[in-house]
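# Examination of the molecular architecture
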Amino acid sequence: MGFPAIALTDRNFMFGAAEFHAACHSRQTKFGGDFPPIKPIIGRFIAATVHETPHAIRLFAKSKTGYRNLVRISSAEVQPQGAQDRFIAFSDIEKWREGLVCMTSDTEPDFVDKCLRVFGDEFAFMADNDDFDCSAWPSVMVCAANPVWFIEKDDAEAYDTYCAIFDQRKLADGGRRHCNGDEFLMSEEEMSARFPKHPEWIENTVKIAERIEDYEICEAPQVVEFPIPQEFGSEADYLASLIYEGMKKRWGDPPPPEIVERIDFELHVIKTMGFPSYFLIVHDYVEAARRMGVWVGPGRGSAAGSAVAYALGITSVDPIKHRLLFERFLNPDRISIPDIDIDFDDAGRGKVIKYLCDKYGRDHVAHIVTFGQMAPRSAIKDVARVLGMPVREANRLACHVPIVPKVTFKQSLSESKELRNAYEQGTPLEKKILRMAEKLEGCVGQPGLHACGIVISHKPLSETLPVMSLGNDRAPGGPDLVTQYDGRYVEPVGILKFDILGLTTLTIHKGCVDLIKERKGRMVDLDKIPYDEPETIDVFAKGDTEHVFQFESDGMKRWLMALKPKCLDDLVAMNALYRPGPIAYIPTFVRRKNGEEPVTYDHPLMEEMLRETYGVTVYQEQVMLLSRKLAGFTRGESDKLRKAMGKKVMEVMLELKDKFVAGCLANPDFRIGEWRDETAARSLCAKIWKDWEVFASYAFNKSHAVCYAWLAYQTAYLKAHYPEEFAEAVGGEVR
């Protein structure tokens, strides 16, 4: 449409502001096509009260200061029981008026006078039709505006249906919220036709838009200051002392030189990126959890590749022993926010979150909001309900949607003959339901809470991003607040996120170990049980893995019995392979492990990295290590390769392919035997690269696989040696 700017004025919350801002600045929209950036104008519909009487206004942030104040206002609103809107006293808005433009269609004299007194030249009337009368204030600017609830004019019925779904009403119900049909995004010509008597009002709207600055809301991570003992000059110094002390406990005193080198490298990266306090915070709440008797998992995700995390006791699998990579966690070539996810036993998770709230302050800690989206199956059921189709018929229609993760409506129509027939040849009601559901696919539903995400800020959260109170929905001891931005946008605006998860397996471990101590007087330390113990490995080899974390499916049991694992490494590989995509490589892996197929390597240099998986590339880390060994990639370049291949970023892959070939050709250890010939060497480079392209999109994070295989091994150990206590803990007898 050629608009240079567009405004978003969410009602009650700022849920869409960050995503809207990012979309306007992005040339590539999710609808496809190359579009010039549009200036985003962040606003809010506000119910402002004067002597308890609400007045509708719209506030627009014309600067970064105005945005900050809009965040404060949106965080300060309250919603009375049973009320549709959240309210804020106009006197509070007055405190935070700087940088804001105020508009209203309310012509109540006292209220208009109050707005003029507070906002002065930054106050204007907003008219949505030509008949708006504000003649009592001839000097006040009037701006033409049309509320946009949907984009295309033809979407009116779909939006009306969406409102009925959201309000849990039927379309035929009287007195419900509905649209008039003209709340779509009008073109310049359509707006001119809407305001034929007052074209100057349209010009005024443009003038207001021109006043608005195109400011940035994203910020560098605002790391929380961690309190340190007086004898240390900085957080980095304190962190280093904890790390070196932990290093001696983990690897002996004195630790081997290669360990010291690895620790020094990681610590340098952490200091350079400015994240010592992040590690101190995580270390602190993990240690606090242990002091409170909470069970802590061995780690999860790429953080297990950090020797620093292992030295600090944040993780409990040795990254050196398992050849795990720090740069898979933090790439030394680019600043990226750390992401350390920690598992706790189910009951203990709440204690950890309460500890964080108490330590950092309830206005500094919050849950993260989530927004469910309407998937094809749920959309069909919801539309059918508001259109009055009986539940049984609606379920029959919805069941034709394939049960596939993230399935789209288009994909469903392609794969399901029954759904396609109903869409094209069904009854009028069926066709209407399916077409309406197709339009509503992806629409946002009710907000919820992220299952594990917690944010912590160095200053009150409402100074940085909008929050809202949980009120009576707050869990005992948990945060009072929840962010109004979802997890994709809390970190870009400068807030650090911590994933604190509850894991039932740890609850079972805790219950079982407590029973063993109670009945047998024996304290089992699962972090010190022997690796590759025959009795424990036998649990897997026999497929006796009922209630063994991540190894209990029927398909996994069959492959375990075929594999006949002999060590923990076999379990790590199976944990990585038994997933959509890499599962196709399991037969080759099993045959090679059992000696039924020769183990081969494309080049002798590859044996060191692929020996543990019998020549099959299983882990992302293997591709990273091989790129270094074969082509001389740096740590950062190897992670860049892993990321580009996993996400199929073709431009980066082409750049790195050329570098890979050149590096291999320049490597004397690669140019041996038949590969002294350049044509043969290039041919092998092409084969290796092609194999990586195929598998890299499936290859799994070894750090995560090691952690969860070790957790499964601990579970199997308890099952093998303490079957009665294990069964009782699984059965929920232990509370």
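All figures in this text were calculated on a predicted structure; none of them were measured in a lab.

Here we come to the nonpolar core. Soluble, globular proteins show a tendency: their nonpolar side chains are buried together. One finds Leu59, Ile380 and Tyr485 to be the most contacted residues of the largest nonpolar core, which totals 85 residues. Contact partners of Tyr485, with chain neighbours within four places excluded, come to Met14, Phe15, Ala17, Ala18, Tyr67, Ile368, Val369, Leu465, Pro466, Val490 and Val493. The next biggest cluster of nonpolar side chains, apart from the first, holds 54 residues, and it includes Val294, Leu312, Val352 and Ile454.

Moving on to the side chain of Asp160. Inspection of the secondary structure puts Asp160 in helix 5 (residues 156-166). One polar contact links Asp160 to Arg176, side chain to side chain, over a distance of 3.0 Å. Excluding residues that lie within four positions of it along the chain, Asp160 makes contacts with Leu171, Arg176, Arg177, His178 and Cys179.

The step from Asp253 to Pro254 runs through a cis peptide bond, and the omega angle for that step is 5°. Although it is not a glycine, Asn12 adopts a positive phi angle of roughly 75°. With respect to the helices, strands and loops of the structure, Asn12 is situated in the loop between strand 1 (5-11) and helix 1 (17-25).

Take the pairing of strand 3 (residues 53-61) next. Bridging between strand 2 (residues 39-50) and strand 3 involves 8 bridges; their strand directions are antiparallel. The residue of strand 3 that forms the bridge with Gly43 is Phe60. Where strand 3 lies against strand 5 (residues 100-104), 4 bridges are found, and the strand directions are antiparallel. Looking across to strand 5, one finds that Phe60 is bridged to Val101.

Moving on: the pattern of salt bridges. Throughout the structure, instances matching the rule amount to 50 salt bridges. Put simply, Asp602 and Lys687 hold a salt bridge, and the shortest N to O gap is 3.2 Å. Taken together, the residues Asp602 in the loop between helix 23 (586-593) and helix 24 (607-610) and Lys687 in helix 28 (residues 678-696) connect sequence positions 85 residues apart. Accessibility expressed as a relative area gives 27% for Asp602, which makes it partly exposed. Accessibility expressed as a relative area gives 39% for Lys687, which makes it partly exposed.

Moving on to the sheet that holds strand 13 (residues 496-502). Sheets are built from strands that pair by backbone hydrogen bonding, the pairs being arranged parallel or antiparallel. Across the sheet, 6 strands lie side by side as 8-13-10-9-12-11; this open sheet has mixed pairing. If you trace the sheet from one side to the other, it starts and ends with strand 8 (341-344) and strand 11 (467-469), each paired once. Looking at each pair of strands side by side, their axes are set apart by 45° on average, direction ignored. Judged from the 7 bridges that link them, strand 9 (residues 365-373) and strand 10 (residues 444-456) form a sheet pairing that is antiparallel. Its bridge partner lying in strand 10, His367 is registered against Ile454.

As a further point, take the packing of helix 26 (residues 635-647) against helix 27 (residues 650-665). Orientation of helix 26 relative to helix 27, taken along the N-to-C sense of each, is 135°, at an axis distance of 9 Å. Taken as axis vectors, helix 26 and helix 27 run oblique relative to one another. Classified by chirality, the crossing of helix 27 by helix 26 is left-handed. Facing helix 26, whose interface residues are Glu637, Lys640, Leu641, Ala644 and Met645, helix 27 presents Val652, Met653, Glu655, Leu656 and Lys659. The residue inventory of the contact of helix 26 with helix 27, partitioned by class, reads 6 nonpolar, no polar and 4 charged.

Residues in a regular strand point their side chains to alternate faces of the sheet. The pairing of strand 10 with strand 13 spans 4 bridges and is classified as antiparallel. Directly across from Ile456, in strand 13, lies its bridge partner Leu496.

Along the chain, Gly511 turns up in helix 19 (residues 504-520). Sequence separation of Gly511 and Ala729 is 218 residues, and the distance between their C-alpha atoms is 5.4 Å.

It is at 11 Å that the axes of helix 8 (residues 235-251) and helix 9 (residues 257-273) come closest, and there the two elements cross at 155°. One element, helix 8, and the other, helix 9, form an angle in the roughly antiparallel class. Crossing angle aside, the handedness with which helix 8 passes helix 9 is right-handed. Of the residues in helix 9, those touching helix 8 at Ala236, Leu239, Ala240, Ile243, Tyr244, Met247 and Trp251 are Ile259, Val260, Ile263, Asp264, Leu267, Ile270 and Lys271. Class assignment of the residues belonging to the contact of helix 8 with helix 9 gives a composition of 12 nonpolar, no polar and 2 charged.

Counting through the fold element by element, Glu533 comes out in the loop between helix 19 and helix 20 (534-541). For the buried Glu533, no salt bridge is present, and the opposite-charge side chain at shortest range is Arg522, 11 Å distant. Side-chain polar atoms of Glu533 contact the side chain of His721, separated by 2.8 Å. Setting aside chain neighbours within four positions, we find Glu533 in contact with Tyr713, Tyr717 and His721.

Quick look at the packing of aromatic side chains now. Applying the stated criterion to the full structure yields 32 aromatic pairs. Aromatic pair Phe125 and Trp137: ring centres 5.6 Å apart, planes at 50°, arrangement tilted. Taken as a pair, Phe125 in strand 6 (residues 123-127) and Trp137 in the loop between strand 6 and strand 7 (142-144) lie far apart in primary sequence, 12 residues in all. For the pair Phe125 and Trp137, one class covers both residues: buried. Both rings, one in Trp710 and one in Tyr713, keep their centres 5.4 Å apart while their planes meet at 15°; by these two values the pair is stacked. Pair noted here: Trp710 and Tyr713 are both in helix 29 (residues 702-721), with a separation of 3 residues, about one helical turn. Each member of the pair, Trp710 as well as Tyr713, carries the same accessibility label: buried. Of the aromatic side chains, those joined through ring pairs into one cluster are Phe265, Tyr278, Phe279, Tyr285, Phe326, Phe329, Phe344 and Phe498. A cation over an aromatic ring shows up here: Arg435 above the ring of Tyr423, its NZ or CZ 4.1 Å from the ring centre. The ring centre of Phe265 lies 4.1 Å from the NZ or CZ of Arg635, which sits over that ring.

Quick notes on the rules
- Residues numbered from 1 in each chain as written.
- Predicted model: local features only at pLDDT ≥ 70, side-chain atom pairs only at ≥ 80, totals over all residues.
- Heavy atoms only, no water.
- Core = buried A, V, L, I, M, F, W, Y, C linked by side-chain atoms within 4.5 Å.
- Buried < 20%, exposed > 50% of the residue type's maximum accessible area, 1.4 Å probe, protein only.
- Contact = heavy atoms within 4.5 Å.
- Helix = DSSP H or I, 4+ residues; strand = E, 2+ residues; numbered from the N terminus.
- Polar contact = N/O pair within 3.5 Å; in protein donor to acceptor, adjacent residues only side chain to side chain.
- Pairing = 2+ DSSP bridges.
- Salt bridge = Lys/Arg side-chain N within 4 Å of Asp/Glu carboxyl O.
- Axes fitted to C-alpha atoms, helices over the stretch in contact; angles between N-to-C directions.
- Parallel < 35°, antiparallel > 145°, perpendicular 65-115°, else oblique.
- Left-handed = near helix turned anticlockwise from the far one by under 90°.
- Nonpolar A, V, L, I, M, F, W, Y, C, P; charged D, E, K, R; others polar.
- Lys, Arg positive; Asp, Glu negative; His and termini not counted.
- Phe/Tyr/Trp six-rings, centres within 6.5 Å; stacked < 30°, edge-to-face > 60°.
- Lys NZ or Arg CZ within 6 Å of the ring centre and 35° of its normal.

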